[in-house]
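Residue-level listing of the chains:
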Amino acid sequence: MGGGEGGQEKSFNFFQVLLEGSIAGGTAGVVVETALYPIDTIKTRLQAARGGSRIELKGLYSGLGGNLAGVLPASAIFVGVYEPTKRKLLETLPENLSAVAHFTAGAIGGIAASLIRVPTEVVKQRMQTGQFKSAPNAVRLIVAKEGFKGLYAGYGSFLLRDLPFDAIQFCIYEQLRIGYKLVAKRELNDPENALIGAFAGAITGAITTPLDVMKTRLMVQGQGTQYSGIVNCAQTILREEGPKAFLKGIEPRVLWIGIGGSIFFGVLEKTKSMLAERRNREVRAVKDE
């Protein structure tokens, strides 16, 4: 990954990069979600709570199974789209604009993955806040009561949060790796990739917390009419709860995304490396025949 890759590989097999990216992304997404789901649940309940409501600490893995069914394909789609898009942009743009390539590829990957991410997030957060007991039941009742569009509740706020998040996180991560490799004059090892991933995740998580609060409020309100949209949600929160409410859940969010970034990028790079080694062995075997 990084700008150096774009300079060294002027051509690439699009479908191979897409497939390997999908496998690596799906693997990384499932590992992160399983490991950190309880922190995410606490964060959601903190953000959804109004006033002095108590935070329930039972059922912290509520909705994990259904969520993994969405996280796997969403993560696979994101990285599967991100990797070839990034490579193509790095080929097209000047080397000094590598950050633009990484930022743009992150946004495009986020748009593609959002078609699965949003329904997954809606079901997950409704279950985390105790509205439903199982994912299939949640999907069935949401569609019955709110229509298919109910699965895409808060879609605008989701994009408002996730597109900047994806673009910023991957851009920070890739640029830090480029700078680190220039200083170290070598490829990075697994702990180094994980540390850079944690740093990128924590920074991005903190920056996007206000957007995440609004997204959570819009997604969990169901058929409620407390908020009519993103702007109204922001105005209502500011008027009723003050500016501090936009930072609700920032501690578990930064912790969750920082640790998540470490695991995600560590697993992502390791999986990509293993797939590349396997591919190289197969190429050598064919040449030796």
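Thresholds applied
- Residues numbered from 1 in each chain as written.
- Predicted model: local features only at pLDDT ≥ 70, side-chain atom pairs only at ≥ 80, totals over all residues.
- Heavy atoms only, no water.
- Helix = DSSP H or I, 4+ residues; strand = E, 2+ residues; numbered from the N terminus.
- Rg over C-alpha atoms; globule rule 2.2 N^0.38 Å.
- Buried < 20%, exposed > 50% of the residue type's maximum accessible area, 1.4 Å probe, protein only.
- Contact = heavy atoms within 4.5 Å.
- Areas by Shrake-Rupley, 256 points an atom, 1.4 Å probe, with all protein chains shown as cover.
- UniProt positions renumbered as here; feature names shortened; annotations may be inferred.
- Salt bridge = Lys/Arg side-chain N within 4 Å of Asp/Glu carboxyl O.
- Polar contact = N/O pair within 3.5 Å; in protein donor to acceptor, adjacent residues only side chain to side chain.

Peer 1: Even after reading the chapter, I still don't get the overall build of the chain, so can you show me in this structure?
Peer 2: Counting its secondary structure elements, the chain contains ten helices and zero strands. Along the chain, helices and strands appear, N-terminal first, in the series α-α-α-α-α-α-α-α-α-α. Over its C-alpha trace the chain gives a radius of gyration of 20 Å, about what one expects of a compact globule, namely 19 Å for 289 residues. Within the chain, the proportion of its 289 residues that are buried is 49%. In the chain, 77% of the contacts between residues at least 6 apart in sequence involve partners at least 24 apart. Of the roughly 13700 Å² of accessible surface on the chain, 65% is carried by carbon and sulfur atoms.

Peer 1: Teacher, can you tell me more about the UniProt feature "transmembrane region" (unreviewed entry) in the chain here?
Peer 2: This chain's UniProt record puts "transmembrane region" (unreviewed entry) on residues 14–39, 60–79 and 99–118. In residues 14–39, helix accounts for 100% and strand for 0%; the two terminal C-alpha atoms are 36 Å from one another. Counted over residues 99–118, helix gives 100% and strand 0%. Its end C-alpha atoms are 27 Å apart.

Peer 1: So what exactly am I meant to see when it comes to the UniProt feature "repeat: Solcar" (unreviewed entry) in the chain here?
Peer 2: Residues annotated in UniProt with the feature "repeat: Solcar" (unreviewed entry) correspond here to residues 16–88, 97–179 and 192–274. With 82% helix and 0% strand, the stretch residues 97–179 has end C-alpha atoms that lie 14 Å from each other.

Peer 1: Any chance you could explain the pattern of salt bridges here in plain terms?
Peer 2: Side-chain pairing between opposite charges can occur once the charged atoms of the two side chains come close. A complete count under the given rule lists 22 salt bridges for this structure. In this structure, Lys88 engages Glu91 in a salt bridge whose closest nitrogen and oxygen atoms are separated by 3.8 Å. With a gap of three residues between them, Lys88 and Glu91 both fall in helix α3 (residues 64–92), about one helical turn apart. Of the residues examined, Lys88 reaches a relative accessible area of 49% and is grouped as partly exposed. For Arg117, the salt bridge is made with Asp162, and the minimal N-O distance between the two is 3.5 Å. Of the two residues, Arg117 is situated in helix α4 (residues 98–128) and Asp162 in helix α6 (residues 155–184); the sequence distance between them amounts to 45 residues. The pair formed by Arg117 and Asp162 is uniform in burial state, with each residue classed as buried. Among the ionic contacts, a cluster of salt bridges with common partners joins Asp40, Lys43, Glu121, Lys124, Asp212, Lys215 and Arg253.

Peer 1: Before we go on, may I ask you to explain the side chain of Asn193 in this structure?
Peer 2: Within the secondary structure, Asn193 sits in helix α7 (residues 190–207). Among the polar contacts listed, one links the side chain of Asn193 to the side chain of Arg177, at a separation of 2.9 Å. Setting aside residues no more than four positions away along its own chain, Asn193 makes contact with Tyr173, Arg177, Leu188, Phe265 and Glu269.

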